[in-house]
Structures are given as structure tokens and as C-alpha cells.
Amino acid sequence: MSVVIQYEGKLFRPPSEANSLILQATIGCSYNRCTFCAMYRDKRFRVRPLEELQGEIDWARAHLGRVDKVFLADGDALVAKHSFLAELLDRLKAAFPDLRRVSCYASPQSLQVRTVDEMRDLKERGLTLYYLGIESGHDGVLERLDKGVDAEEMIAVGRKAHEAGVKLSTMVLLGAGGRADSRVHAAESARVVNAIQPRFVSTLVMTPVEDTPLWEEDQRGEVDHLDPVELACELREFIAGLELDASVFRSNHASNYLALAGTLPKDKERLVSGLDEVLSHPERARFLPEWMRGL
Ligand code: SF4
């Protein structure tokens, strides 16, 4: 069998997909405008032909042994046509008998395009988890990030996925409000997350990356870099505002200074009091050193 999986350009996947087969169902991001995101700036969005993907599926079946998780890259595979995704999912199910989860990134724009019925049908075919970057629940911050939706639209798309029975893993960008909007960014982000009730919530720390509008803003001195204590304060406000029925919280992405984990609502008090302790005695806090941080 001559086909191997040759990924086009840089490949990105959530940390929790480290053991998944990654298939580039689409290339790039159809939106590609978020000011902080450098992931697909060099790629033009396109959907890959099913026959090309079939070659990679056949290769993976022959060479990888048991495949139980598949992640559909790149940035927002969910924006591809329902018929394409349905066919791809059927082929994955036929190829990998142990398959128990297919996931993908879902931009708010792709969630606006997909109907609840389409998402429900795709879920039945195996696409059971979306990763959604909420980034902020504050309209001003979302606008500065050029996320393309406001807070109410973000809630609406999150609820659509919820209604379809798809699990959501959501991300919030700490520091995205700068110093001036730190508190309101935390409080409004908690409000939006509460309205969506995702299964997973995580935080990343906003970090300017080269070749992005955010990088340019940073070069002009327009970006606040919150220090670890300021970020801990923002994280405390965010967690204190969360009212979740059953969610897993993580701040273990390498951009964070504090790696926290818990199940909400059970661990909320522990997480908040731990952050209060950090804020009372920052000199004792175990912040991740800069050299260990990354994106
Ligand atoms: S929607 Fe996601 S992948 Fe696309 S530009 Fe924004 S953050 Fe990047």
C-alpha cells in the first residue's frame, strides 16, 4: 500500500487528542481572522476529496492497529458539507471497528452553518465532541479579537450543539481583556460558559504569536501582559462565577502559569480557595516558570 498520511503544513490538535488518529478532512480555517491565532494563516481553506482521505484511512487501518479515536483537522472541519462529513464518518466507522469517538474543532461560524438536525445526525455517525474557542464572554473583547460573533451569538451556537447532544470542550483566553477589562472579561466569560454548560472548560493564556494582528498590536505596545498574579486573580473571578451542573475544568495547557484541575461544581470551593491562597501569598505559589510555558 503506497499511501501514507502526509500532513499538509503545520498540524494542530487539542492536548487530549494526543493518542488519536489525526485526519485532515479540511485544510486551514474557513474563518481565519481571529487576531491571536496563527495556526492556519498560511493555508487557504479547502475540503479534501473523500477518495484522498480513503487512501489515508486504508493506510491507517493497515499500519496503526487499533484506532479508537479520530480527530478531524484542521481548524473547523465542521464547516464542510453535511453530506461530506456523513460519508467520511461512515467510512471511519467501517474501517475502525473499535472507534468510540470522533471529534473536531468547531468555529462559531461553522456552528452557525450546521443545523441541529445535521449535528444530531453526525453525532449518530460518531462525531460526538467539538472543541470550541469561546475566548471571552465580553462583547468588547470578542470584537477586539475579531472572533466574528458576540456573546449572545456564542451562547446560541453553543446551545445548538448542546441540543444536538454533542459534547463541547470550550476554551477561554485569560488575559484577553487586558488589565482594564480583566474583571468584566472573567465575569462575562463565566456567564457565557454557564449559559452553554459545556462538558469541558479550560483556560489558555493569551500569548501574541508572530504573523498575527495581535503580534502587531503587541509591537505597538498596545497589549497588556498580565503577570502571573494578575492572571491568577482573573482565573479566580472566572471560576467563582461558574455555575456548572457537571463539567470538567482544566488549566493545564502549557500557556497557563497555574495548572489546576477539578470537577465542577464539586471542586469549585477548593479551586477558588486555592487561588485565594495564591493571591494572599504569591511568593509561595508554584507558578510555571517561563521556560516551561508554551503554546
Ligand atoms: S476560528 Fe479557530 S482556527 Fe479559525 S482563526 Fe479563529 S481561533 Fe483560529
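The coordinates are above.
Because the structure is predicted, anything quoted here is derived from the model rather than measured.

Caption draft 1: Region of the structure containing the overall build of the protein chain. Within the protein chain, the regular secondary structure consists of 10 helices and 10 strands. For 295 residues, the compact-globule estimate of 2.2 N^0.38 gives 19 Å, and the protein chain sits close to it at 19 Å. Summarising its shape, the C-alpha atoms of the protein chain cover approximately 60 × 40 × 35 Å along the three principal directions. Every one of the 295 residues in the protein chain was classed for burial, and the buried ones make up 39%.

Caption draft 2: Spotlight on the environment of valine 184. Counting through the fold element by element, valine 184 comes out in helix α7 (residues 182-196). In this structure, the C-alpha to C-alpha distance between valine 184 and tyrosine 257, residues 73 residues apart in sequence, is 21 Å. Those residues in contact with valine 184, other than ones at most four positions away along the chain, are His138 and Gly177.

Caption draft 3: The sheet that holds strand β10 (residues 261-264), seen in detail. Reading across the sheet, the 8 strands line up as β1-β4-β5-β6-β7-β8-β9-β10 and stay open at both edges, with mixed pairing between neighbours. Strands with a single pairing partner mark the edges of an open sheet, and in this sheet they are β1 (21-24) and β10. Along the sheet, successive strands turn relative to each other by an average axial angle of 25 degrees, direction set aside. Strand direction decides the pairing type here: strand β5 (residues 101-105) and strand β6 (residues 127-135), joined by 4 bridges, are parallel. From the neighbouring strand, serine 103 faces β6, where its bridge partner is leucine 129.

Caption draft 4: How the structure looks around the site of the ligand. Close contacts around the ligand come from Cys29, Tyr31, Asn32, Arg33, Cys34, Cys37, Met39, Tyr40, Gly75, Asp76, Ser107 and Gly133, and that covers them all. Among the residues forming the shell around the ligand, the class breakdown is 6 nonpolar, 4 polar and 2 charged.

Caption draft 5: The environment of glutamate 217, seen in detail. In this fold, glutamate 217 is placed in helix α8 (residues 213-219). You can call glutamate 217 partly exposed: it has 15 C-beta atoms within 10 Å. In this structure, the C-alpha to C-alpha distance between glutamate 217 and leucine 21, residues 196 residues apart in sequence, is 36 Å. Leave out the neighbours within four places in its chain, and glutamate 217 touches Glu222 and Val223.

Caption draft 6: Focus on the packing of helix α2 (residues 82-95) against helix α4 (residues 116-124). The contact between α2 and α4 brings their axes to 9 Å, and the two run at 10 degrees. On the basis of their axis angle, the class for α2 and α4 is roughly parallel. Side by side, α2 and α4 meet where His82, Leu85, Ala86 and Leu89 of the first sit next to Glu118, Asp121 and Leu122 of the second. Looking at the contact of α2 with α4 residue by residue, the class counts come to 4 nonpolar, 1 polar and 2 charged.

Caption draft 7: How the structure looks around the nonpolar core. Counting residues in each nonpolar core, the largest one holds 78 residues, and the members touching the most others are Leu23, Leu72, Cys104, Ala106, Tyr130 and Leu174. In this view, leucine 174 contacts Thr203, Leu204, Val205, Met206, Leu231, Glu234 and Leu235; residues no more than four positions away in its chain are not counted.

Caption draft 8: Highlighting the pairing of strand β9 (residues 247-250). Burial along β9 is one-sided: Ser247 and Phe249 are buried, and none of Val248 and Arg250, which face the opposite way, are. Pairing between strand β8 (residues 200-205) and β9: 3 bridges, direction parallel. Considered in β9, the bridge of phenylalanine 200 is made with valine 248. Looking at chain direction, β9 and β10 are connected through 4 bridges and run antiparallel. Across the sheet, arginine 250 pairs through a bridge with alanine 261, a residue of β10.

Caption draft 9: Fine view of unusual backbone geometry. With an omega of -5 degrees, the peptide bond running from alanine 73 to aspartate 74 counts as cis. Position of aspartate 74 among the secondary structure elements: in the loop between β4 (69-73) and α2. Backbone torsion omega between leucine 264 and proline 265 reads 10 degrees, so that peptide bond is classified as cis. Relative to the helices and strands, proline 265 resides in the loop between β10 and α10 (268-280). Phi at asparagine 32 takes a positive value of approximately 55 degrees, unusual for a residue other than glycine. With respect to the helices and strands, the residue asparagine 32 is situated in the loop between β2 (26-27) and β3 (46-47). Although it is not a glycine, aspartate 146 sits at a positive phi angle of roughly 55 degrees. Examined against the element boundaries, aspartate 146 turns out to sit in the loop between α5 (139-144) and α6 (151-163). The class of aspartate 146 is partly exposed, set by 14 C-beta atoms lying within 10 Å.

Cut-offs applied
- Residues numbered from 1 in each chain as written.
- Predicted model: local features only at pLDDT ≥ 70, side-chain atom pairs only at ≥ 80, totals over all residues.
- Helix = DSSP H or I, 4+ residues; strand = E, 2+ residues; numbered from the N terminus.
- Rg over C-alpha atoms; globule rule 2.2 N^0.38 Å.
- Buried ≥ 20, exposed ≤ 12 C-beta atoms within 10 Å, placed from the backbone.
- Contact = placed C-beta atoms within 7 Å.
- Pairing = 2+ DSSP bridges.
- Axes fitted to C-alpha atoms, helices over the stretch in contact; angles between N-to-C directions.
- Near = placed C-beta within 6 Å.
- Nonpolar A, V, L, I, M, F, W, Y, C, P; charged D, E, K, R; others polar.
- Parallel < 35°, antiparallel > 145°, perpendicular 65-115°, else oblique.
- Core = buried A, V, L, I, M, F, W, Y, C linked by C-beta atoms within 7 Å.

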